[in-house]
Amino acid sequence: MSKQNLTLRWGILATGGIAQSFAKDLTVDPKTRNVTNLTHVVEAAASSSSKSRAEQFLKDVDAPSSARAYGSYEELVKDPNVDIIYVATPHSHHYQNTMLCLNAGKHVLCEKAFTTNAAQAKLLVNKAQERGLFLMEAVWTRYFPISAYVRELITSGKLGALTRVSAANDKAGDPYNKHADGKHRMVNMDLAGGALLDLGIYSLTWLFQTLYLTQPEGKRARPSVVGSSMKKFPTGADTDTTILMKFPNGGGDEGDAQGIATTSMIVDSDVDGKGTSGPAVRIQGEKGEVQVWPPIYRPTKTRLILADGTCEDKQWPQPGPGKGSGWYNGFGGDMQPEGEGQGMFWEADECGFALMEGRKEGRLEGWEESVLIMEVMDEVREQNGMKYPKEVESVEYPLKMK
Ligand SMILES: NC(=O)c1ccc[n+]([C@@H]2O[C@H](COP(=O)([O-])OP(=O)(O)OC[C@H]3O[C@@H](n4cnc5c(N)ncnc54)[C@H](OP(=O)(O)O)[C@@H]3O)[C@@H](O)[C@H]2O)c1
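Residues numbered from 1 in each chain as written. Predicted model: local features only at pLDDT ≥ 70, side-chain atom pairs only at ≥ 80, totals over all residues. Heavy atoms only, no water.

The name given to the chain in an unreviewed UniProt entry is D-xylose 1-dehydrogenase (NADP(+), D-xylono-1,5-lactone-forming), and the organism recorded there is Ramalina farinacea. Its UniProt record gives the chain the following Catalytic activity (unreviewed entry) comment, quoted word for word: "D-xylose + NADP(+) = D-xylono-1,5-lactone + NADPH + H(+)". (UniProt positions renumbered as here; feature names shortened; annotations may be inferred.)

What follows is the structure in structure tokens.
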């Protein structure tokens, strides 16, 4: 029987950059996005480095004073008052950390990339299935209203049969100067670094949510990787990757559609940070196209251009406490305007809705699709000879990681 109301009690596993943004977004009143039957609480947080780090984290994200701090992930998963755990460690550690949570009987929202490879992803899915637990990859963008708008333009036939989708997620990080020692998670192979798993996942997200998810359920045809190319950092992590894909039936009754996913940590999709570089996603059909402005993981602008003369720009600001609240959220040094949420609450809501309805998977990216996307990334790495260290690719559990 489904529940009418829910207070979802979150445990936050790791205290880095994205854990902070996510936990702060949980404190935003759900009514600001018209959600009235669900509330979120930061119930506890754990740091692998120290309990005091977790305590500081809870203060920084304005968690309730009753929230508990732990100095190890093992302690967090034992907390009986935690319903669901948000895993926010580097991708190298997702398999081990998520397995720890599932084994302890906790539901999990795990950051992207879901795992290092598809074999690990499949085992997590098997475990969630076996234990009857909810498990979702935290691809937050799929749950934004802007993404729903784009998908609706496709499924309603407004764009006509799709021919091509191109998506670029380029974020210039100056790795040759800033990460020359190879230790930063973006270039560190021990932390499953590289543009593909960290940034390219969003380019693939746009290909998949437009050319795959929009196909009728049960009839979604498996896409193929036609070719790919990589440029690599001295550590072996990719700095630039380009993937060409074919989506059978991605163009509806017209048949195949082509997908081009690009990613880079050298160049930027939004050079001046003001949108001057133009759109970073183009979804092209026979009646017109819709364009999405960067950053494509948190887009706020679309342009619809139709052959009938329509040209419609739309802005998609994120809800939040609003101007005058003195409240800010963001990621790293990139703060959003005053009172505007980061936008991670949409995926948190999805977890709550799923638990209320008794679902074990996300509505807009289920297990099958998360595994499929990991398989695509496996293939691209294989085509380009990119392998992570043995322990990072391992499916052994438990395994002590660096
Ligand atoms: N959704 C998004 O927009 C978004 C944005 C950025 C990143 N991400 C994803 O979120 C994950 C974390 O990224 P982040 O930018 O938050 O990274 P980060 O700032 O480096 O934080 C990672 C945290 O993981 C914990 N950790 C455990 N073992 C570690 C190890 N061996 N090395 C480093 N850290 C370790 C640490 O927390 P403790 O010491 O407290 O345990 C660390 O603070 C990645 O999978 C990334 O792809 C998502």
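Anyway, onward from the coordinates.
### Considerations on the site of the ligand
Every one of the 25 residues lining the ligand counts as a neighbour, but T15, S47, S48, Y73 and K112 are closest to it. For the ligand, whose accessible area on its own is 900 Å², the fraction buried by protein is 81%. The set of elements that each furnish at least two residues to the shell around the ligand consists of helix 1 (17–26) and helix 8 (195–211). Residues of the shell around the ligand, tallied by class, amount to 10 nonpolar, 10 polar and 5 charged. (Near = heavy atom within 4 Å. Areas by Shrake-Rupley, 256 points an atom, 1.4 Å probe, with all protein chains shown as cover. Helix = DSSP H or I, 4+ residues; strand = E, 2+ residues; numbered from the N terminus. Nonpolar A, V, L, I, M, F, W, Y, C, P; charged D, E, K, R; others polar.)

### Some remarks on the side chain of E111
The residue E111 is located in strand 5 (residues 107–111) in this model. Reaching out from E111, the side chain makes a polar contact with the side chain of Y86 at a distance of 2.6 Å. Apart from the residues lying within four places of it in its own chain, the contact partners of E111 are I18, Y86, V87, A88, H94, E137, A138 and M344. (Polar contact = N/O pair within 3.5 Å; in protein donor to acceptor, adjacent residues only side chain to side chain. Contact = heavy atoms within 4.5 Å.)

### Brief notes about the UniProt feature "domain: GFO/IDH/MocA-like oxidoreductase" (unreviewed entry) in the chain
The UniProt entry lists residues 149–290 under the feature "domain: GFO/IDH/MocA-like oxidoreductase" (unreviewed entry), expressed in the numbering used here. Between the end C-alpha atoms of residues 149–290 there is a gap of 10 Å, over a span that is 20% helix and 31% strand.

### Comments concerning the sheet that holds strand 11 (residues 281–285)
Read across the open sheet, the 8 strands follow the order 8-9-10-7-11-12-13-14; overall the sheet is mixed. Each edge of the open sheet carries a strand with a single partner, namely strand 8 (224–232) and strand 14 (311–315). The sheet shows a mean angle of 10° between the axes of neighbouring strands, taken without regard to direction. In this structure, strand 9 (residues 238–247) lies alongside strand 10 (residues 257–264), joined through 8 bridges in antiparallel fashion. Its bridge partner being in strand 10, M245 is matched across the sheet by G259. Docked against the sheet, helix 8 engages strand 7 (162–170), strand 8, strand 9, strand 10, strand 11 and strand 12 (288–292), running at close to 155° with respect to strand 10. The strands that helix 10 (residues 367–383) touches are strand 8 and strand 9; relative to strand 8, the one it contacts most, it runs at about 55°. (Pairing = 2+ DSSP bridges. Axes fitted to C-alpha atoms, helices over the stretch in contact; angles between N-to-C directions.)

### Description of helix 6 (residues 145–155)
I146, S147, Y149, V150, R151, L153 and I154 are the residues of helix 6 that are buried. On the buried face of helix 6, the contacting elements are strand 7, helix 8, strand 11, strand 12, strand 13 (301–306) and strand 14. Just downstream of helix 6, G157 is the residue with a positive phi angle, here 85°. (Buried < 20%, exposed > 50% of the residue type's maximum accessible area, 1.4 Å probe, protein only.)

### Section: the packing of helix 6 against helix 8
Contact geometry of helix 6 with helix 8 gives a least axis separation of 9 Å together with a crossing angle of 40°. Put simply, helix 6 runs oblique to helix 8. Residue-level inspection shows S147, V150, R151 and I154 of helix 6 in contact with helix 8, the latter providing W206, Q209 and T210. Classifying every residue of the contact of helix 6 with helix 8 gives 3 nonpolar, 3 polar and 1 charged. (Parallel < 35°, antiparallel > 145°, perpendicular 65-115°, else oblique.)

### Considering the environment of T276
Counting through the fold element by element, T276 comes out in the loop between strand 10 and strand 11. Owing to a relative accessible area of 60%, T276 belongs among the exposed residues under this scheme. Along the primary structure T276 and H93 are separated by 183 residues, whereas in three dimensions their C-alpha atoms are 37 Å apart.

### Quick notes on the packing of aromatic side chains
If you walk through the whole model with that rule in mind, you get 10 aromatic pairs. Look at F22 and Y86: their rings are 3.8 Å apart centre to centre, the planes differ by 15°, and that puts the pair in the stacked class. Of the two residues, F22 sits in helix 1 while Y86 sits in strand 4 (residues 84–87), which places them 64 residues apart along the sequence. Overall, the relative accessible area of 0% leaves F22 in the buried class. (Phe/Tyr/Trp six-rings, centres within 6.5 Å; stacked < 30°, edge-to-face > 60°.)

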